[in-house]
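Fold and contact review
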Amino acid sequence: MKRTLLSALGSTVLLAAATAAPLAAQLPSQLPIQVIVQSRGVDSRVDYASLTRFGPWDDRNYRLTVDDLALLPAADPEATEAIPAFFRVGLRRDHPELAASGPAQYPRSGLPAFFQRHGGYLIDGTLYRQARLEEDGWRVVLEDGVDLRDYVLEFLEGEVRVTDPNGAAESAVAINPVDPDLVIAGSNGPGGGQRMHFSTDGGESWAPAAALPLGGTCCDPTVGWSADGTKAYAATLGIPELFFYRSADGGQTWTDLPGNGRVQVDNGAGFVDKEYLHVDLHPGSPQLDNLYMTWHEGNTMRFSRSTDLGTTWSAELTVSSGASESGIGSDITSDGGGRVYYFWPAFQSRKIWVRRSTDGGVSFEPTVEVASTEGAFDFPIPSMETRNVFIYVAADTDRTGGPFDGSVYASWTDNTGPDSGTPANNHARIQVAYSRDAGATWTVVTPHETADQDSVDRWHQWLAVAPDGSVHVVFYDTRRDPTRSSVDLFHSFSTDGAQTFSTPERLTAVQSPNIADGFEFGDYNGLDAVLSNYVAVFTDNRAETEAGGDSVDVYAAGAGLAVIFADGFESGDVSGWDGTGSE
């Protein structure tokens, strides 16, 4: 389902506040008032009751120290936004450029960001949404509260099944860039061939679309939208062709192309595999609305583009060269200036390569190495021991105009050491690379914990850059199963250009056990982010009442509102929570 996207103003855990003098008088008592207990605070030097000078009380203030509070300027109370002290300090910590005096010290989005991130003012295990500024400080209105546990459970119930009946995997998703309530998705199956799905409520519910015209589809869905949101796009593998389709009704039907409703993109000379579509949506790009398609034929990387909304496609180009660049699992993206970046993993040389085009895909510059990989092509792990974990690239760019504008990002799954034929001997991890110089040089980071890499597998990642510049990655994670056989979908994000990432948070309420067939979880999942919403789609194998045995389906989940407590809390694990910030 869709979830409100975390603003770049936030960070994984916001622990802070400011030095303050005690209030001169008790707050008025016409309404119930929160009781602030000094002994619950972590620093005896802080007068916690005085923090209502800065904003409404929140029990997460109890974790603030004098050092935290020093981040707030003396004139901070002049800003009459109803933002509690701990969140103010977090904003100051992440954004030292904020004004230090006057009424406009915090952006107008600061208060919505607090509610989106934390759900409300937390007092004794209950969240409240209303507060009043009185003469001597802020008062939380202790009415119409929501129990914290109920709030969490309501979030976790947000996962929704996309496909029906059973038997679907390998999915892709795209949110309309103009109207985020319109979402399209494609899946491999159910029932053989590619199936299309659409949502008119931001991914909260889904309906099956009309069949793609002329049949003969296989798999590997990829989807997109035109910049004005009036056209939806989809592509699929035939056997062995690459077909493209267009919709003019939000993805409900797919017959908008002239003639028979589909276009063959490749030249028909080889067996096409693992294609992916990218649309240049940046308003300032000289290549606005160009469509770019990547695929491989016999492990040779291919490319084509369209400049007329997919009606016609250029003659295909060969992007890779020689055995050292033979690959499969490519992705393509573009930056705000219209430069195109074509990524792929090469399994013989064990490299992640990129080639850049500065003329909208007419030609490509020489190959640049992004990183080396430990794995070569795929490798078995306990949760994916038959199909094997596939090394592929998912890429995106920052087109926000913010501090990391122009940054290019790529992600992939890799082994932590040389590949082994024994599943238990391999350990899957996610890698993210970023470039600040238009793809010339690269830095590689890991968007999750590493101390447990010998006991936890992370794989099937997808990456998206949000409109605020934050970088988001979703992936399977086996941490809740000591045998490494069952997975959950986890989400991690970065607000500093992928230099550091948040502690990963679980998006699924139910584990997916190992799938007992040769296809297992398929080869990849999907993620997209537009405006304030983003949606992840993934293969899921949870037990369902209407199906016995393996129930393989595509589910959708919103990534974002996972951590609403203090640090140390994992979404969904509400055992032991007392509402005070301690467990």
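Report follows, based on the coordinates. Because the structure is a prediction, the values reported are computed rather than measured.

1. Observations concerning the overall build of the protein
Assigned secondary structure in the protein consists of four helices and 36 strands. Relative to its full complement of 583 residues, the protein shows a buried share of 59%. At a minimum sequence separation of 6, the contacts of the protein that also span at least 24 residues come to 57%.

2. Some details on the packing of aromatic side chains
Centre distance and the angle of the planes are the two values used to describe a pair of aromatic rings. As enumerated under the stated definition, the model contains 21 aromatic pairs in all. Seen from their ring centres, Phe244 and Trp313 are 5.2 Å apart, and the 65° between their planes marks the pair as edge-to-face. One end of the pair, Phe244, is in strand 14 (residues 242–247); the other, Trp313, is in the loop between strand 18 (300–306) and strand 19 (317–318), and 69 residues separate them in sequence. Overall, Trp313 belongs to the buried group, its relative accessible area being 14%. Grouped by ring-pair contacts, the aromatic residues Tyr276, Phe347, Phe377, Phe390, Tyr392, Trp462 and Tyr524 constitute a single cluster. Residue placement shows Lys274 over the ring face of Tyr524; its charged tip is 4.4 Å from the ring centre. The aromatic ring of Tyr555 is capped on one face by Arg542, whose charged end is 4.2 Å from the ring centroid.

3. Overview of the sheet that holds strand 10 (residues 194–199)
Strand order in the open sheet made by the four strands is 8-9-10-11, with antiparallel pairing throughout. Of all the strands in the sheet, the pair left with one neighbour each is strand 8 (169–175) and strand 11 (207–208). As defined by bridge partners, strand 8 adjoins strand 9 (residues 183–188) across six bridges and the pair is classed as antiparallel. Residue Ser171 lies in a different strand from strand 9, and its bridge partner there is Ser187.

4. Thoughts on unusual backbone geometry
Residue Pro165 follows Asp164 across a cis peptide bond; omega there is 5°. With respect to the helices and strands, Pro165 occurs in the loop between strand 7 (160–161) and strand 8. With an omega of 10°, the peptide bond running from Ile239 to Pro240 counts as cis. Here Pro240 lies in the loop between strand 13 (232–237) and strand 14. The backbone phi angle of Glu170 is positive, close to 45°, even though this residue is not glycine.

5. Some details on the pairing of strand 26 (residues 393–397)
Most of strand 26 sits inside the fold, with five of its five residues counted as buried. Going residue by residue along strand 26, you find Val393, Ala395 and Thr397 tucked away on one face and Ala394 and Asp396 tucked away on the opposite face as well. Pairing of strand 26 with strand 27 (residues 408–415) involves five bridges; the strand directions are antiparallel. Across the sheet, residue Asp396 finds its bridge partner in strand 27, namely Tyr409.

6. Looking at the nonpolar core
Counting residues in each nonpolar core, the largest one holds 42 residues, and the members touching the most others are Trp254 and Trp459. The contact partners of Trp459, leaving out residues within four places of it in the chain, are Ile381, Ser383, Met384, Val389, Thr413, Ala428, Ile430, Phe475, Tyr476, Thr478, Val487 and Phe521.

7. Focus: the sheet that holds strand 33 (residues 505–506)
In spatial order, the strands read 30-31-32-33; together these four strands make up an open sheet with antiparallel pairing. Each having just a single partner strand, strand 30 (458–465) and strand 33 make up the two edges of the open sheet. Note that strand 32 (residues 488–494) and strand 33 share two bridges and pair antiparallel. Paired with Phe490 across the bridge in strand 33 is Arg506.

Rules used throughout
- Residues numbered from 1 in each chain as written.
- Predicted model: local features only at pLDDT ≥ 70, side-chain atom pairs only at ≥ 80, totals over all residues.
- Heavy atoms only, no water.
- Helix = DSSP H or I, 4+ residues; strand = E, 2+ residues; numbered from the N terminus.
- Buried < 20%, exposed > 50% of the residue type's maximum accessible area, 1.4 Å probe, protein only.
- Contact = heavy atoms within 4.5 Å.
- Phe/Tyr/Trp six-rings, centres within 6.5 Å; stacked < 30°, edge-to-face > 60°.
- Lys NZ or Arg CZ within 6 Å of the ring centre and 35° of its normal.
- Pairing = 2+ DSSP bridges.
- Core = buried A, V, L, I, M, F, W, Y, C linked by side-chain atoms within 4.5 Å.

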